[in-house]
Amino acid sequence: MRKLLLALFAMALVVAFTAPSYAADFKYTGFFRIRGIAGNNGDRNDDADDSAQGFDALTRPRFTATTDKGAIWALWEIDWYEARSENDRTPNDANANILFGRSGGRVGVGTNRWVVDFAVPGSALRARWGRTDYTSPDKQIFDSAGGTRWPGLAVYGKLSKNMSLSMFMTRTALSGRGRNIGPEDENRDNYYASVGIKVSPAVTLTPWVALSRDGMGRSLTYAALNAKTKVGIVGLNLSGVSVGGDAAANTDASGWALLASGKASLGKLTLIGTAIMLSGDDNANDGEEGEFANLMPGGGQFISGVMVTDRSTTGGITSFRARLPGAGGTRNTRFQNLNGAVVIGGDAVYKISKTFKVAAGVHIYQSAEDDMEGDTDYGTEFNTGFEWKIYPKLRLRTQFGYLATGDYGISPGDPDDDAWTAMFSLDHFF
């Protein structure tokens with residue numbers, strides 16, 4: 001009996017000392033959220049009844065496993081999304097006339113993100129595959145706010161002390177019906193490559209190129225230069241982007257975008273500035289599309305106020321997907337659909353205490369190119385809100401937006417009116 005006990009004890013010691021080398025460091029995190037939104041006149045037209053209220057709940061557990069002393073980590077993040085059901089469908093597919101929550105390829109119940117990330121042997125690079133965010137340094141052309149997440153492959157990391165690499169390919173969809181792809185069909189995918197060069201301690205330049213295809217013959221190429229620098233207390237993120245390729249079967253793409261953002265901290269006060277200029281098209285019959293063309297699904301959401309963009313971090317306190325309904329064309333409130341959009345805006349965030357901060361902002365939306373009515377003023381948006389950390393793991397965020405309507409795209413005699421939206425989000429993290 002004694003020999004048996006000694007053998008079992010020896011076996012236990014062996015397992016105790018060898019198991020850690022094989023086991024994963026496993027973490028379980030995530031959050032629970034409830035969210036509400038209401039608004040009216042999102043199309044800037046008082047004639048249509050487009051007032052809307054929405055309410056949803058989201059549970060997002062996240063499982064992370066790390067092995068081989070950090071050389072490999074993997075993540076699985078689940079969405080369990082609930083909203084009011086009507087006529088055997090969830091109106092938040094159409095978001096009860098307000099676009100937030102599920103859209104852009106996101107699923108209601110299923111996987112939000114999954115990632116496997118590992119160190120490339122013999123280098124400082126890492127490789128990744130999975131459904132997650134793939135970004136450009138401006139975080140507006142290829143975005144990272146989670147509006148669209150698609151499966152992809154990536155390689156990134158340090159090439160040298162002052163040089164870094166980022167390359168990825170994402171598949172956004174398959175053409176054809178289901179798995180049956182015809183010989184005339186093309187893949188819907190994005191390809192991206194960049195090299196970041198630290199030219200001085202305060203300046204990093206990142207040239208990048210990209211190719212985006214929609215599976216129906218539209219193929220757009222992008223070339224860009226991003227600069228990140230700090231001037232005194234102000235951090236700047238600047239980008240110039242050009243686009244070419246095939247906008248349609250018989251139409252060439254030829255557009256550009258200029259993006260600038262700045263952030264400065266003055267004690268408890270943080271100031272944020274944004275400027276965006278997109279090229280326009282003043283001749284629709286010349287065989288060339290001069291209006292800036294956004295990327296296919298998998299990227300492309302410009303950051304401005306909360307009402308006229310897919311997703312906003314206005315004031316640094318919110319991340320709402322809150323676009324109000326539009327009637328299409330120039331009435332659609334996504335400002336990137338304006339012909340030659342110009343946006344200038346600013347936000348201020350004041351930290352009243354360790355647990356409470358308030359924010360306010362103004363964004364002006366114009367069109368650089370005349371539309372058929374000859375008007376260029378889309379409107380001015382005013383935002384305000386607060387964030388309250390009720391407990392370290394419980395947070396309440398609110399946001400209110402008011403759009404003073406301009407005259408871009410509005411026909412004479414239309415019963416136009418200002419638009420507004422109000423939102424809240426209560427989040428419990430674990």
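Above this text is the structure in question.
Below or above, wherever it landed, is the structure these notes cover.

Scoring rules and cut-offs
- Residues numbered from 1 in each chain as written.
- Predicted model: local features only at pLDDT ≥ 70, side-chain atom pairs only at ≥ 80, totals over all residues.
- Heavy atoms only, no water.
- Pairing = 2+ DSSP bridges.
- Helix = DSSP H or I, 4+ residues; strand = E, 2+ residues; numbered from the N terminus.
- Salt bridge = Lys/Arg side-chain N within 4 Å of Asp/Glu carboxyl O.
- Buried < 20%, exposed > 50% of the residue type's maximum accessible area, 1.4 Å probe, protein only.
- Phe/Tyr/Trp six-rings, centres within 6.5 Å; stacked < 30°, edge-to-face > 60°.

Next up on the list: the pairing of strand β13 (residues 255–266). In this sheet, β13 lies alongside strand β11 (residues 234–248) in antiparallel orientation, the contact comprising 10 bridges. Within β13, the residue paired with Val 241 across the bridge is Ala 257. Bridge count for β13 against strand β14 (residues 269–278) is 10 bridges, and the pairing is antiparallel. Considered in β14, the bridge of Leu 259 is made with Ile 276.

Let us now look at the pattern of salt bridges. Overall, the coordinates contain eight salt bridges when judged by the stated rule. For the salt bridge of Asp 117 with Arg 128, the shortest nitrogen-to-oxygen distance reads 2.8 Å. Remark: Arg 128 occurs in strand β5 (residues 125–132) and Asp 117 occurs in strand β4 (residues 109–119); sequence separation between them is 11 residues. Between Arg 395 and Asp 427 there is a salt bridge, with the nearest N and O atoms lying 3.3 Å from each other. Highlighted residues: Arg 395 in strand β19 (residues 394–405) and Asp 427 in strand β20 (residues 419–429), separated in sequence by 32 residues. Given a relative accessible area of 2%, Asp 427 falls into the buried group. Taken together, the shared-partner salt bridges in this structure form one network comprising Arg 62, Glu 77 and Arg 113.

Once that is clear, we can look at the packing of aromatic side chains. Per the counting criterion, the structure on display carries 13 aromatic pairs. Considering the side-chain rings of Tyr 28 and Phe 63, the 5.1 Å spacing of their centres and the 20 degrees angle between planes classify their relative orientation as stacked. A residue pair is termed long-range when its members are at least 10 positions apart, and Tyr 28 in strand β1 (residues 25–40) and Phe 63 in strand β2 (residues 52–67) qualify at 35 residues. Classification of Tyr 28 as partly exposed rests on a relative accessible area of 47%. For Phe 63, a relative accessible area of 25% translates into the label partly exposed. Linked through ring pairs, Phe 26, Tyr 28, Phe 32, Phe 63, Trp 76 and Phe 430 together constitute an aromatic cluster.

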